[in-house]
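Structural description and commentary
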Amino acid sequence: MKESRMIITVEGFSKKQALEIEEAAEFFANQLMDPRMVRNLTIDIERNRKLDVMGEVTNEDDTTTSRWFTITLRGAKDDEDVVKTLAHEMVHVKQYAKNELSKQMRVTRGLGIRLATKWQGEFWKPKSKEDPYWDAPWEIEAYGREVGLYHKWVQHWNSKKAA
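Bear in mind that the values here come from a model prediction, so they are computed numbers and not experimental data.

Points about the pairing of strand E2 (residues 42–47)
- Two strands pair when backbone bridges link them, and strand E1 (residues 7–11) and E2 are joined in this way by five bridges, in the parallel orientation. Each bridged residue has a counterpart across the sheet, and for Thr9 the counterpart in E2 is Asp44.
- Where E2 and strand E4 (residues 68–73) come together, six bridges link them in parallel fashion. In the strand pairing of E4, Thr42 is matched with Trp68.

Things to note about the sheet that holds strand E3 (residues 55–59)
- Here four strands make up an open sheet; going across it, the order is E1-E2-E4-E3 and the pairing mixed. Every other strand in the sheet has two partners, leaving E1 and E3 as the edge strands with one partner each. The sheet shows a mean angle of 15° between the axes of neighbouring strands, direction not considered.
- The sheet strands contacting helix H1 (residues 15–32) are E1 and E2, and the helix crosses E1 at an angle near 150°.
- This element, helix H3 (residues 79–97), spans E2, E3 and E4 of the sheet and lies at about 155° to E4.

A look at the pattern of salt bridges
- Per the stated rule, a full pass over the model turns up seven salt bridges.
- For the salt bridge of Arg5 with Glu26, the shortest nitrogen-to-oxygen distance reads 3.3 Å. Linking Arg5 in the segment before E1 with Glu26 in helix H1, this pair joins segments that are 21 residues apart in sequence.
- Assessed through its relative accessible area of 57%, Arg5 is described here as exposed.
- With a shortest N-O distance of 3.8 Å, Arg145 and Glu141 are connected by a salt bridge.

Cut-offs applied
- Residues numbered from 1 in each chain as written.
- Predicted model: local features only at pLDDT ≥ 70, side-chain atom pairs only at ≥ 80, totals over all residues.
- Heavy atoms only, no water.
- Pairing = 2+ DSSP bridges.
- Helix = DSSP H or I, 4+ residues; strand = E, 2+ residues; numbered from the N terminus.
- Axes fitted to C-alpha atoms, helices over the stretch in contact; angles between N-to-C directions.
- Contact = heavy atoms within 4.5 Å.
- Salt bridge = Lys/Arg side-chain N within 4 Å of Asp/Glu carboxyl O.
- Buried < 20%, exposed > 50% of the residue type's maximum accessible area, 1.4 Å probe, protein only.

Now the structure itself:
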């Protein structure tokens, strides 16, 4: 029986950057998820210089067992920013793949039907003093993990180049 392997495509970057981005995405996936889950992921990574944020993830499956994602990166002259942003977005991939994070249509009295975010099985809404972005638990996790993942990646990448 042939073993499946994570599928990663990278578009819009130089060949050198694309190779590093592809390897970094696989490295981050292996840091964040079980190998069986990683093997079944398909991740398309695209560059969009007009993106109004550094990066974003689209859950292409949009199911409780999502395995196909598109990561869009704005890209920067500095490879460090690109890889840090990729680390952050890979945390979101993990959150969707493990069904920790999901977007669902919700019927709310007085507001009608709207898209709501579920975190750890519960609908999440910011409290009065909370910011909808910065205080969202999935962003807190992504920003927190991004730093450690990036530093581990730098160690891995430098040791590989030295070998």
